[in-house]
Amino acid sequence: MVDKLIIKGNEVENRLFIGTGKFPDKNIIPETIEKSQSKVVTLALRRINFEAEEENLINYIPDDCILLPNTSGARTAEEAVKIAKIARAAGCGNWVKIEVISDQKYLLPDNQETIKATKMLAEEGFVVLPYVSPDLMVAKKLVEAGAAAVMPLGAPIGTNKGLETKELIRILIDEIDLPIIVDAGIGRPSHAAEAMEIGADAVLVNTAIATAGNPPSMAAAFNKAVKAGRECFVSGPGNVSDYAEASSPLTGFLSEGD
């Protein structure tokens, strides 16, 4: 069985996407990307300093990776659109992760503004990956708006709590005919594997890798977990039962019949 991740006609080789924020030293970003084997890397436009060579995050990302600039800092659809256009003009390509966040305590996305920004950018030829709270009706509106994928949060940004919204994500996986990429809150490789096991098409991990004691090593662990979780899903895991069921026959012992 051929199992490919296709986003808006583009084949993506690895189902682990990673971010570039929160690293203690930018110089470990290239090794981290290498160990992760990721081919989609996010970056915030406000962290790109085109004036200083050593501060420009783009210089730390391999040429064979798809750049996924995010609209971090946008509080309205209009601000998100402006950031996306600046990123494309700066040479970051036409992929964009839409983040519209006006809540500064929990950093939860504004789903309605995100739908609006998605429609505006999709109409201008962007490959739009919107970050949202998992909600079926919102996801359906994103499909209508022209989204290339839907990125529901697993838990609030940076919390490392894992799949707190698992059942809501499962509904999106079952009902939405677009790639579902779990973003935010994944803190352990086991969380990533869990997301893949229930059928997520990919996961995006930043904080858990960037703030680890050894980011490259943690990136390698996440890469293995994502691949294992996907293989589990594709293989078709066995049914869960409330009762014990022996894996070996309980009849025909040697003593029987004596």
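Okay, so let's go over this structure. (Residues numbered from 1 in each chain as written. Predicted model: local features only at pLDDT ≥ 70, side-chain atom pairs only at ≥ 80, totals over all residues. Heavy atoms only, no water.)

## Comments concerning the overall build of the protein
Quick reminder of the rule: Per the convention used, a helix needs a DSSP run of H or I reaching at least four residues, while a strand needs a run of E reaching at least two, with both numbered from the N terminus. A simple rule labels every residue: compare its accessible area, found with a 1.4 Å probe on the protein chains alone, to the largest value its type can have, and call it buried under 20%, exposed over 50%, or partly exposed in between. In this analysis, two residues are considered to be in contact whenever any of their non-hydrogen atoms come within 4.5 Å of each other. Only four residue types enter the tally: Lys and Arg on the positive side, Asp and Glu on the negative side; His and the chain ends are excluded. Where a charge sits is defined by one atom per residue type, namely NZ (Lys), CZ (Arg), CG (Asp) or CD (Glu).
A count of helical and extended segments in the protein gives eight helices and 10 strands. Expressed as a percentage of the 258 residues in the protein, the buried residues total 50%. Counted over contacts in the protein with a minimum sequence separation of 6, partners at least 24 positions apart contribute 64%. Each charge class in the protein can be summarised by its mean position, and for the 26 positive and 36 negative side chains these summaries are 6 Å apart.

## Looking at the packing of aromatic side chains
Counted only if it meets this: Any Phe, Tyr or Trp ring, taking Trp's six-membered ring, that has another such ring centre within 6.5 Å forms a pair; planes under 30 degrees apart are called stacked, those over 60 apart edge-to-face, and the others tilted. Should the NZ of a Lys or the CZ of an Arg lie within 6 Å of a ring centre and within 35 degrees of the ring normal, that charge is described as sitting over the ring.
This structure, assessed with the given rule, holds zero aromatic pairs. Across from the ring centre of Tyr-131, 5.1 Å away, lies the NZ or CZ of Lys-97, which sits over that ring.

## What to know about the layout of surface pockets
What counts is decided by this rule: Buriedness of a pocket was judged along seven lines, with at least five required to meet protein on both sides within 12 Å; pockets are open sets of points on a 1 Å grid over the protein atoms alone, cavities are sets where a 1.4 Å probe fits but cannot get out, and lining residues have an atom within 4 Å of a point. Grid points are joined across faces, edges and corners, and a volume is the space filled by probe spheres set on the points. Gly falls in the polar group here, along with every residue not listed as nonpolar (Ala, Val, Leu, Ile, Met, Phe, Trp, Tyr, Cys, Pro) or charged (Asp, Glu, Lys, Arg).
If you add up the space inside the second largest pocket, you get close to 190 Å³. Contributing to the lining of the second largest pocket are Asp-3, Lys-4, Leu-5, Glu-11, Val-12, Glu-13, Asn-14, Arg-15, Val-226, Lys-227, Arg-230 and Glu-231. Of all the elements in the fold, those that place two or more residues in the lining of the second largest pocket are strand S2 (10-12) and helix H8 (215-235). Ranked by residues supplied to the lining of the second largest pocket, first place goes to H8 with four residues. Here the residues of the lining of the second largest pocket sort into three nonpolar, one polar and eight charged.

## Observations concerning the side chain of Asn-14
Filter applied, for reference: By the criterion applied in these results, polar contacts are pairs of N or O atoms within 3.5 Å in which, for protein atoms, one can donate a hydrogen and the other can accept it, and in which residues neighboring in sequence qualify only through two side-chain atoms.
Examined against the element boundaries, Asn-14 turns out to sit in the loop between S2 and strand S3 (16-18). Polar contacts involving the side chain of Asn-14 include one to the main-chain amide nitrogen of Leu-16, which spans 2.8 Å. For Asn-14, the contacting residues outside a window of four places in its chain are Leu-5, Ser-36, Gln-37, Ser-38, Lys-39, Asn-223 and Lys-227.

## What about helix H6 (residues 189-197)?
Looking only at H6, the buried set comprises Pro-189, His-191, Ala-192, Ala-193, Ala-195 and Met-196. Structurally, H6 contributes buried residues whose contacts are with strand S9 (181-183), strand S10 (202-205) and H8. Just beyond H6, the residue with positive phi is Gly-199, at close to 110 degrees.

## Examining the pairing of strand S7 (residues 127-132)
Note the cut-off: Between any two strands, at least two bridges found by DSSP are needed for them to pair.
S7 sits mainly inside the fold: six of its six residues count as buried. Neither face of S7 is exposed, since Val-127, Leu-129 and Tyr-131 on one face and Val-128, Pro-130 and Val-132 on the opposite face are all buried. Pairing analysis gives four bridges linking strand S6 (residues 95-98) to S7, with the strands arranged parallel. Paired with Lys-97 across the bridge in S7 is Leu-129.

## Considering the packing of H6 against H8
We count it as follows: Here an axis means a line fitted to C-alpha atoms, over the contact stretch when the element is a helix, while the angle between two N-to-C directions is reported on a 0 to 180 degree scale. Here the word oblique covers every angle except those under 35 degrees (roughly parallel), over 145 (roughly antiparallel) and from 65 to 115 (roughly perpendicular). In a left-handed crossing the near helix is turned counterclockwise from the far helix by less than a right angle, and in a right-handed crossing that turn is clockwise.
H8 packs onto H6 with a crossing angle of 25 degrees between their chain directions and a minimal axis gap of 7 Å. By the criterion of interaxial angle, the relationship of H6 to H8 is roughly parallel. Handedness of the H6/H8 crossing: right-handed. Where H6 approaches H8, its residues Pro-189, Ala-192, Ala-193, Met-196 and Glu-197 are matched on the opposing element by Met-218, Ala-221, Phe-222, Ala-225, Val-226, Gly-229, Arg-230, Cys-232 and Phe-233. Residues that form the contact of H6 with H8 fall into these classes: 11 nonpolar, one polar and two charged.

## Observations concerning the nonpolar core
Rule in force here: Take the buried Ala, Val, Leu, Ile, Met, Phe, Trp, Tyr and Cys residues and link them wherever side-chain atoms come within 4.5 Å; each set so joined is a nonpolar core.
Grouped together as the largest cluster of nonpolar side chains are 57 residues, with contacts concentrated most on Ile-98, Leu-121, Val-150, Val-182, Val-203, Val-205 and Phe-222. The element best represented in this core is helix H2 (residues 77-89), accounting for six residues. When near neighbours in sequence (up to four residues on either side) are disregarded, Val-150 contacts Pro-130, Val-132, Ala-139, Leu-142, Leu-172, Ile-176, Leu-178, Pro-179, Ile-180 and Ile-181.

## Details of the side chain of Ser-36
Residue placement: Ser-36 occurs in helix H1 (residues 29-36). Reaching out from Ser-36, the side chain makes a polar contact with the backbone oxygen of Ile-33 at a distance of 2.8 Å. In terms of polar contacts, Ser-36 uses its side chain to reach the backbone amide nitrogen of Ser-38, at 3.0 Å. Setting aside anything within four residues of it in sequence, one finds Ser-36 in contact with Asn-14, Leu-16, Ile-18, Ala-219 and Asn-223.

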